[in-house]
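# Secondary and tertiary structure notes
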Amino acid sequence: MSWTATILTLFPEMFPGPLGQSLAGRALENGTWNCDVRDLRAFGLGRHNAVDDTPFGGGAGMVMRADVVDTALDSVSRQDGAPCVYLTPRGRPLAQADIRRYAMGPGVTLLCGRYEGVDERVLEARSIEQVSIGDYVLSGGETAALVLLDACVRLLPGVMGSAESGVEESFSDGLLEYPHYTRPAEWQGRSVPDVLLSGNHAAIARWRREQSERVTRERRPDLWAAHLSHSSRPSVQEG
Ligand code: 6GU
């Protein structure tokens, strides 16, 4: 059985969307993963298939009903160990460690919210993980779900060539990647760093490590601090 993304959404036509292309699209076609999209509207109540209602306590917007979401989740076959994830800007930040955990398992069930969000009780009752993809507000969870799936699918066995198999990539050791260069060696008066043309593989590895550390320190002091506290070896910078 292939890795399965089950997606609960009011906009089923948004899937697989861009994941039907390129690497993920090929993997979808060859059965490495499978995209099972469920229309939440199909579980709506009454003549109008209502999925939302006004918030208790007042205020703007609408809230997705717990009973509707619960029935929709009941329709999802119990894949053993497949976590259910609700995409929301109120969630904890999604990290590469989460992606690795999801990709390792049988798949994920993704609940995409619209309006002001989902009634908190169904999230509690079903111990649904709540994750955010960053500190900005999207119009719905669907684009966040596509981001999460892209990150998972590329880690599935056979999706990426062994060359890009992710040993050296950003976050594998808590650092951002070093800068990349290709031909021409000089472009608009800008040269490629000499060391990269030297053929000295030890020197190249040392330079790339220094660059990774510099870029991380400059751009992501949060990652740099975490890296320093988790790594026992001193950085190049510290000597
Ligand atoms: Cl997961 N959903 C929405 N609607 N907005 C977001 C988000 C998720 N992550 C960041 N902003």
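Residues numbered from 1 in each chain as written. Predicted model: local features only at pLDDT ≥ 70, side-chain atom pairs only at ≥ 80, totals over all residues. Heavy atoms only, no water.

Inspection of the secondary structure assignment puts Ile204 in helix H6 (residues 201-219). With 151 residues separating them along the chain, Ile204 and Asp53 place their C-alpha atoms 60 Å apart. Every residue in contact with Ile204, bar those within four places of it in the chain, is listed here: Val195, Leu196, Ser198 and Gly199. (Helix = DSSP H or I, 4+ residues; strand = E, 2+ residues; numbered from the N terminus. Contact = heavy atoms within 4.5 Å.)

Before going further, it helps to examine the pairing of strand E1 (residues 3-9). Most of E1 sits out of view: 7 of its 7 residues are buried. Side chains of E1 alternate between two faces, with Trp3, Ala5, Ile7 and Thr9 and Thr4, Thr6 and Leu8 buried alike. Relative to strand E2 (residues 33-39), E1 is paired through 7 bridges, and the arrangement is parallel. Opposite Leu8, over in E2, you have Arg38 as the bridge partner. For the crossover from E1 across helix H1 (residues 22-29) to E2, the handedness is right-handed. In this structure, E1 lies alongside strand E6 (residues 107-112), joined through 5 bridges in parallel fashion. Opposite Thr4, over in E6, you have Gly107 as the bridge partner. (Buried < 20%, exposed > 50% of the residue type's maximum accessible area, 1.4 Å probe, protein only. Pairing = 2+ DSSP bridges. Right-handed = clockwise from strand over helix to strand, strands pointing away.)

Bringing the side chain of Thr9 into the picture now. Along the polypeptide, Thr9 turns up in strand E1. Given a relative accessible area of 0%, Thr9 falls into the buried group. A distance of 2.8 Å separates a polar side-chain atom of Thr9 from the backbone nitrogen of Phe11. If we ignore the near neighbours within four places in the chain, the residues touching Thr9 are Phe15, Val37, Arg38, Asp39, Leu40, Cys112 and Glu142. (Polar contact = N/O pair within 3.5 Å; in protein donor to acceptor, adjacent residues only side chain to side chain.)

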